[in-house]
Amino acid sequence: MDRKNAWTTYNKKQLTELDKVCKDYLKFLDAGKTERECVKEIVKTAKKYGYISLEDVIKDKKNLKAGDKVFSVCMDKTVALFNIGTKKLEKGMNILGAHIDSPRMDVKQNPLYENGDFAYLDTHYYGGIKKYQWVTLPLAIHGVVVKKDGTVIDIAIGDKKDDPVFCVTDLLIHLAGEQMEKKANKVIEGENLDILFASKPLKDKDKDAVKEGVLKILSEEYGIEEEDFISAELEIVPAGAAREAGIDRSMIMAYGQDDRVCAYTSLMAMLQVDAKEKTTCCLLTDKEEIGSVGATGMRSRFFENSVAEIMNAMGCFSDISLRRCLANSSMLSSDVNAAYDPLFASAFDKNNASYFGRGMVFSKFTGSRGKSGSNDANAEYLARIRKMMDDANVCYQTAELGKVDVGGGGTIAYILSLYGMEVIDCGVAVLNMHAPWEVTSKADIYETLKGYKVFLREA
């Protein structure tokens, strides 16, 4: 079944809309290179659309009713938005769920050291990466340092025009004979992904003079002491802005599009569609890249607790009502799929791969090899989704993540499915997935936003 290329269907008005969506998306990517920055940007945008904090609702003992819009934040890294409809919550919600964390390197708690007249920051990589892709690139540092008195210092170095940048060094080709014989997963070891941080020694210091110079700068410019690294969350990400790609400007190249491309389109669909009967929800989570663990991951009770608090503020909470609400809900697990790459064709089943420009991607199941770790959506739900998208003229395709025995992957879908709700994976095709710079099609972004809107209105 060949799917048509969405670019061939657009009129002038649609191309104008597509361009606007993608320009705004580029701004979102630049504003949110970490999950904390994403949450801050999401909350700021949601407030413009009339959303209020669920925490304030609870604190002020306010009552919620149909038409109200609330958001809830967990530890500044996960956020859920709810637009309350007229139907009882027991009848379920229409949910869009994506993740806002991305592969990167994290600074360790005791990171700063000197060696060979260089100062380094020791790191621990986060998520699935090809380590060799992260060397010799300009890198930026984003995150927070929290002092013992509770003061939070925001850090963002490397993305402004006049900022310095950082890098991980690599061995010159002239001396790399032994290195070039190693397997790709051993060419660069995880413990060697240390950030080149400084090289100028502090005068009148005999020992660790470069490190002492760094500590002087951190103290004077940021009010940070070495021990403050213990309570810091500093992420190493590629330096540089999201850009249009291709001579025809048909693509976007940027860091973190897995899964911020689905997070952004989910968010904008949520903000632009007013709930009528069913309550709508947009859930944007942390920690998906390492198994959705921890207090801010999908496996935590944050989402369930937020729904319980909303039901309580509406005067309809009970344990059985909460269970019915979750079981009767429908969800799109909004996550990316691997785009077919002709240069690596052997990894894909061409008839069951996602292609650039052919619209949003539905994956009935993900998982690895024998569907291990997969959510497998039922046929009835997929039929409903097909009808919705076809009736609304949304371009879509279906795909698996590579050939059966080549690999695979998972999303947050299986976690939500544990409540008994209907869930299917759906999102945007991505080239260079998990690399420092990923590529997406503007047409797919536009079609995915359209599809998410249809789902929220019609599911």
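Above this text sits the structure in question.
In what follows, the accompanying structure is described. Computed from a predicted model, the values in this text were never measured in an experiment. Per chain, residues are indexed from 1 in the order of the written sequence. For a predicted model such as this one, the threshold for reporting local features is a pLDDT of at least 70, and the threshold for listing and counting side-chain atom pairs is 80 or more; totals across whole chains, interfaces and linings nevertheless cover every residue. The side-chain figures draw on all heavy atoms in the structure; neither hydrogens nor water molecules are used.

## Focus: the sheet that holds strand S13 (residues 279–285)
At step 1: Spatial strand order, S1-S2-S3-S13-S4-S14-S20-S16-S18: nine strands in an open sheet with mixed pairing. The open sheet has two free edges, formed respectively by strand S1 (52–53) and strand S18 (396–398), since each of these has just one partner strand.
At step 2: Strand direction decides the pairing type here: strand S4 (residues 93–99) and S13, joined by seven bridges, are parallel. Bridge pairing in S13 places asparagine 94 opposite threonine 280.
At step 3: Across the sheet, helix H6 (residues 257–272) lies against strand S3 (78–83), S4, S13, strand S14 (330–334) and strand S20 (422–427), angled at about 150° from S4, the strand it touches most. The rule for pairing is simple: two strands pair if DSSP sees at least two bridges between them. Counting from the N terminus, the helices are the DSSP runs of H or I reaching at least four residues and the strands are the DSSP runs of E reaching at least two. A contact between two residues is defined here by any heavy atoms of the two lying within 4.5 Å. For helices, the fitted line uses only the C-alpha atoms of the stretch in contact; every axis is such a line through C-alpha atoms, and the angle between N-to-C directions lies from 0 to 180 degrees.

## Side note on the packing of aromatic side chains
At step 1: Pairing of aromatic side chains requires ring centres within 6.5 Å, counting the rings of Phe and Tyr and the six-membered ring of Trp. Pairs whose planes differ by under 30 degrees are stacked, by over 60 edge-to-face, and all others tilted. In total, this model carries 12 aromatic pairs according to the counting rule given.
At step 2: When the ring of tyrosine 25 is compared with that of tyrosine 264, the centres are 5.5 Å apart and the planes differ by 40°; the resulting orientation is tilted. Separated by 239 residues along the polypeptide, tyrosine 25 in helix H1 (residues 12–31) and tyrosine 264 in helix H6 bring together distant segments of the chain. Both residues of the pair, tyrosine 25 and tyrosine 264, count as buried.
At step 3: Among the aromatic residues, those joined into a ring-pair cluster are Trp7, Tyr10 and Tyr446. Accessible area is worked out with a 1.4 Å probe on protein chains only. A residue is then buried under 20% of its type maximum, exposed over 50%, and partly exposed in between.

## Quick word on the pairing of strand S6 (residues 118–126)
At step 1: Sheet topology places strand S5 (residues 104–115) next to S6; eight bridges connect them, and they run antiparallel. Bridge pairing in S6 places tyrosine 113 opposite tyrosine 120.
At step 2: Counting the residues that bridge the hairpin from S5 to S6 gives two residues, and of these glycine 116 lies at a positive phi of roughly 60°.
At step 3: With three bridges connecting them, S6 and strand S9 (residues 195–198) associate as antiparallel partners. By the bridge assignment, alanine 119 is partnered in S9 with alanine 198.

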